[in-house]
Amino acid sequence: MIFIIGAGLAIAAAIVGWISYRSQMGKSVLGGLAAIAIFLASTVIATSATRTILDNTIYMTEIHSVLGSPTFIISTGYLMVYGIARMVVGIGRGAART
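Calculation rules
- Residues numbered from 1 in each chain as written.
- Predicted model: local features only at pLDDT ≥ 70, side-chain atom pairs only at ≥ 80, totals over all residues.
- Heavy atoms only, no water.
- Helix = DSSP H or I, 4+ residues; strand = E, 2+ residues; numbered from the N terminus.
- Rg over C-alpha atoms; globule rule 2.2 N^0.38 Å.
- Buried < 20%, exposed > 50% of the residue type's maximum accessible area, 1.4 Å probe, protein only.
- Areas by Shrake-Rupley, 256 points an atom, 1.4 Å probe, with all protein chains shown as cover.
- Patch = residues over 30% accessible without salt bridge, like charges linked within 9 Å, V, L, I, M, F, W, Y side chains within 5 Å.
- Salt bridge = Lys/Arg side-chain N within 4 Å of Asp/Glu carboxyl O.
- Expected span 1.5 Å × (residues − 1).
- Polar contact = N/O pair within 3.5 Å; in protein donor to acceptor, adjacent residues only side chain to side chain.
- Phe/Tyr/Trp six-rings, centres within 6.5 Å; stacked < 30°, edge-to-face > 60°.
- Axes fitted to C-alpha atoms, helices over the stretch in contact; angles between N-to-C directions.
- Parallel < 35°, antiparallel > 145°, perpendicular 65-115°, else oblique.
- Contact = heavy atoms within 4.5 Å.

Caption draft 1: Structural detail: the overall build of the protein chain. Across its full length, the protein chain holds four helices and zero strands. Going residue by residue from the N terminus, the α and β elements of the protein chain occur as α-α-α-α. Taken over the C-alpha trace, the protein chain has a radius of gyration of 18 Å; the compact-globule value for 98 residues is 13 Å, which it surpasses by more than 25%. Projecting the C-alpha coordinates of the protein chain onto the three principal axes gives extents of approximately 50 × 35 × 15 Å. Residues counted as buried form 7% of the 98 residues belonging to the protein chain. Split by element, the accessible area of the protein chain, about 7,700 Å² in all, is 75% carbon and sulfur.

Caption draft 2: View of a nonpolar patch on the surface. Residues Met-25, Val-29, Leu-33, Ile-36, Phe-39 and Leu-40 make up a contiguous nonpolar surface patch of about 630 Å² in total accessible area. Mapped onto the elements, Phe-39 comes out in helix H2 (residues 24–55). Given the relative accessible area of 48%, Phe-39 is considered partly exposed.

Caption draft 3: Molecular detail of H2. For H2, spanning 32 residues, the distance from its first C-alpha to its last is 46 Å, which sits close to the expected 46 Å at 1.5 Å a residue. Put simply, Ser-23 is the residue that caps the front of H2, since its side-chain oxygen is 3.4 Å from the backbone nitrogen of Met-25. Looking one or two residues beyond H2, the residue adopting positive phi is Asn-56, at roughly 55°.

Caption draft 4: Seen up close, unusual backbone geometry. Of note in the backbone geometry, Asn-56 takes a positive phi value of approximately 55° without being a glycine. Turning to its location among the elements, Asn-56 is positioned in the loop between H2 and helix H3 (62–67).

Caption draft 5: Examining the packing of aromatic side chains more closely. With the rule as written, the count across this model stands at one aromatic pair. Taking the centre distance of 5.8 Å and the plane angle of 25° together, the rings of Tyr-78 and Tyr-82 count as stacked. Taken as a pair, Tyr-78 and Tyr-82 lie in helix H4 (residues 70–97) at a separation of four residues, close to a single helical turn. Of the residues examined, Tyr-78 reaches a relative accessible area of 53% and is grouped as exposed.

Caption draft 6: Broad picture of the packing of helix H1 (residues 2–22) against H2. Where H1 contacts H2, the axes come no closer than 5 Å and their chain directions differ by 130°. One finds that H1 runs oblique with respect to H2. Between H1, through Val-16, Ile-19, Ser-20 and Arg-22, and H2, the contact on the second element is made entirely by Gln-24, Gly-26, Lys-27 and Leu-30.

Right, dumping it as structure tokens:
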């Protein structure tokens, strides 16, 4: 199963790379889809983390102590916002050149 998932990811990445290389419009569309995907994933992660903290249902294993750390939460929140902003700027630049 791991091999199938890995092969599928590699094939999908190759297709996305090929589309981005061949088409400026395709590159912009794929960048927009990536920004939307990061936004949706960030929303789900932030909602789940907030609910877990507010409900006080964190099970303290080593990894959960890291994931529940305020430093980790603030820094990953910033990276998600920064990543989306950079992608949007990159999409705008790509469309402006055509």
